[in-house]
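Coordinate analysis (summary)
Listed below, chain by chain, are the residues.
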Amino acid sequence: QHSYSFKSYRCALVCLLPLLKECNSELLSSVLPFQGAGQDVGRSCILVSIGGKNIMLDCGMHMGYNDDRRFPDFSYITQNGRLTDFLDCLIISHFHLDHCGALPYMSEMVGYDGPIYMTHPTKAICPILLEDFRKITVDKKGETNFFTSQMIKDCMKKVIPLNLHQTVQVDDELEIKAYYAGHVLGAAMVHIKVGSESVVYTGDYNMTPDRHLGAAWIDKCRPDILISESTYATTIRDSKRCRERDFLKKVHESIERGGKVLIPVFALGRAQELCILLETFWERMNLKAPIYFSTGLTEKANHYYKLFITWTNQKIRKTFVQRNMFEFKHIKAFDRSYADNPGPMVVFATPGMLHAGQSLQIFKKWAGNEKNMVIMPGYCVQGTIGHKILNGQRKLEMEGRAQNGPLLDVKLQVEYMSFSAHADAKGIMQLIRMAEPRNMLLVHGEAVKMEFLKGKIEQEFSIDCYMPANGETTTVTTNPSVPVDISLNLLKREMALGGPLPDPKKPRTMHGTLIMKENSLKLVSSEQALKELGLNEHQLRFTCHVQLQDPHSDADTLHRIYTHLKSVLKGYTIQHLPDGTVIVESIVIKVSSSAEDSNTKVLLLSWSYQVIIEPLLKKSFLYPAVLANPPLKSDVISSFWVQTLLQFPDSNKHCGITES
């Protein structure tokens, strides 16, 4: 048995070190979401301890904070020494900042020199987004205690790129394998394996294909634990076509009345999805209103989508040679001065939660006009401007305004249209069916919604589901399966015995000899085992003595026993041999008189170990009692059998077992 503990914590990581010590001696495995992800969205950073190995999954920052709470507090892992001494590797699932934003801070400022794994597209795009955010935070806001451009470069030198479906051996015992996750370009789920123990971490994923990416997929790998995001734990989305129609209708109506439409997006992902949608609509409707995208990012996005075309969906890959879907005719680069231009326009601006950058600047300018509209196409973390306006807040305190100064009055229309590339409740259930985990753990979601989904998962799949909060520990005990090869001869012999064909969904008992050789197990016939191991065969027999009262001679008593057994054990081979023995299959019966009393007969029973005992036992009325008290040794079973069968028609006495 291996015990798995889960701990999610923001400021209670103090329990981590004792857990790590136990991992090495007791094979205690733990999953610890700290500084976020435990009943929280943002700042994903999870520590998995499995088979004595410690793996960190994602290293994100929180978009809702501008102080020390922005990054995970790694001092809870170690205050003396570098993280390299405690971690075997770090895996980044995708390039969104809530999953990779603290990476340079961890590796360069806290200190980590171990391997960092991510896919090729994530490795290419991650430093661009990190530098973009650094510029906003340091160059524009003037914040200190932040990583530098050089730190980003040094951090990325430690990255080892992953290919999909490639098994990477981190060390002699730890191996990882990446699977396609949809969500954004380069997003991956990861299967972590140490010996027979395994964990799957989904990162963010999408089970529905869209206009530029395919759906997430994973093998039926049956991990001990599936750690899944649950951003939309209670949502089942309507059809994509309906959402797209509503989105285009709202944009068109706003443009028709002369308003401006702001669509906050992250640089890659939903941005490309919605750009393809609007480009097609503008072409079809012959609309003239300009569409703009944040300067520079369109070109970079195009470059990376061309470079990693194999990560896109089938339609884009097929048509790529004739037409690149990411070269837009109607969408132009945006300049800051355009925000003050009169007339309608549509602007895609980063970042997606209105917490900083160009999207926030444009929002401030357009917020006071009722004709204008902001469409939030994705999830917004608590604390961001996006989250506040979606919850109906119409008066906003903005950073940089004088204390007690006027609040920003929000008059523009606020619309939420989920084009988020996260799996909904239906998609999460679909992934569980695909992977068939033994236990489920939900992260990256809101507590109330996670609680609802937890109940549904436990009800439908009959597996334990956990949703640790920050600061909470959950322990799970699992039984790892041990694979055993079965020899062909043994299978053939089993089939030759006849009976119904085995049901693949039900367990089937096989009798054979288990051989362990070079860390692999094999079940073979006893003859094959003796031959392979060079051993001599020995016959093991069981014996017991049973006393009964009978005034007849020994030979007469034996004959009476023979006649009685013939009458009750029809269909079995029963022989009365000249040497004074009765044989029933492999069971030998002999009769002798007691030295003290000639009327007391002693029956000697001897039998070899065979699977014949149970069918014989079924002939006895004591069979239900035997089944009610397992496990019984074979000598006791035979004694029950004799005790029952030797009730002669003319005797009311039960025989008694005196020795076994």
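The chain appears in an unreviewed UniProt entry as Integrator complex subunit 11 from Astatotilapia calliptera. Looking at the chain in UniProt, the text filed under Sequence similarities (unreviewed entry) is "Belongs to the metallo-beta-lactamase superfamily. RNA-metabolizing metallo-beta-lactamase-like family. INTS11 subfamily."

The subject of this paragraph is the overall build of the chain. Looking only at helices and strands, one finds 19 helices and 32 strands in the chain. Per-residue burial for the chain yields a buried fraction of 52% across its 660 residues. Pairs at least 24 residues apart make up 71% of the contacts formed inside the chain by residues separated by at least 6 positions. Here the chain displays about 31000 Å² of accessible surface, and carbon together with sulfur accounts for 51% of that area.

A few words now on the confidence of the model for the chain. Overall, the prediction assigns the chain a mean pLDDT of 79, with 80% of residues at 70 or greater. Contacts from residues 617-640, a stretch scored under 50 in pLDDT, to residues over four places away or in other chains number 30 contacts. Low pLDDT, under 50, characterises residues 643-660; the stretch is placed with 39 contacts to residues that sit more than four places away or in other chains.

The next point concerns empty space enclosed by the protein. In this structure the tally under the stated criterion is 7 cavities of 30 Å³ or more. Volume-wise, the largest cavity comes out at about 300 Å³. In terms of lining residues, the largest cavity is bounded by 24 residues, among which His96, Phe266, Gly378, Tyr379 and His422 are the most central. Residues of the lining of the largest cavity, tallied by class, amount to 12 nonpolar, 9 polar and 3 charged.

A few words on the sheet that holds strand 26 (residues 520-524). Strand order across the open sheet formed by 3 strands is 24-26-25, with mixed pairing between neighbours. Looking at which strands have only one partner, the edges of the open sheet turn out to be strand 24 (484-486) and strand 25 (513-517). Across the sheet, the mean angle from the axis of one strand to that of its neighbour is 30°, orientation sign disregarded. Of the strands in this sheet, strand 25 and strand 26 are in contact with helix 15 (residues 526-533), which crosses strand 25 at around 35°.

As a further point, take the sheet that holds strand 20 (residues 413-416). Strands belonging to one sheet form pairs held by backbone hydrogen bonds; the direction of such a pair is parallel or antiparallel. The sheet built from 6 strands is open, its strands ordered 15-14-16-13-17-20 with parallel pairing. Each edge of the sheet is formed by a strand with only one pairing partner; in this case those strands are strand 15 (331-334) and strand 20. Between one strand axis and the next, the sheet turns through 25° on average, direction left out of account. Alignment of strand 13 (residues 260-264) against strand 17 (residues 373-376), held across 2 bridges, turns out to be parallel. Its bridge partner being in strand 17, Val261 is matched across the sheet by Met373. Strand contacts of helix 10 (residues 357-366): strand 13, strand 14 (291-294), strand 15, strand 16 (345-349) and strand 17, with the helix running at about 150° to strand 13, the strand carrying the most contacts.

On the secondary structure map, Asn599 appears in the loop between strand 30 (587-593) and strand 31 (600-608). Asn599 gets classed as partly exposed once you look at its relative accessible area, which sits at 33%. In sequence terms Asn599 and Asp554 are 45 residues apart; their C-alpha atoms lie 9.5 Å from each other.

Formed by 127 residues in total, the largest nonpolar core has its most connected members in Leu57, Ile227, Phe363 and Ile389. Leu277, Trp282, Leu287 and Met417 belong to the second largest nonpolar core, which has 29 residues in total.

The rules we used
Residues numbered from 1 in each chain as written. Predicted model: local features only at pLDDT ≥ 70, side-chain atom pairs only at ≥ 80, totals over all residues. Heavy atoms only, no water. UniProt positions renumbered as here; feature names shortened; annotations may be inferred. Helix = DSSP H or I, 4+ residues; strand = E, 2+ residues; numbered from the N terminus. Buried < 20%, exposed > 50% of the residue type's maximum accessible area, 1.4 Å probe, protein only. Contact = heavy atoms within 4.5 Å. Areas by Shrake-Rupley, 256 points an atom, 1.4 Å probe, with all protein chains shown as cover. pLDDT = per-residue confidence, 0-100. 1 Å grid on protein atoms, 1.4 Å probe; cavity = no way out; pocket = protein on both sides within 12 Å on 5 of 7 lines; lining within 4 Å. Points joined across faces, edges and corners; volume = space filled by probe spheres on them. Nonpolar A, V, L, I, M, F, W, Y, C, P; charged D, E, K, R; others polar. Pairing = 2+ DSSP bridges. Axes fitted to C-alpha atoms, helices over the stretch in contact; angles between N-to-C directions. Core = buried A, V, L, I, M, F, W, Y, C linked by side-chain atoms within 4.5 Å.

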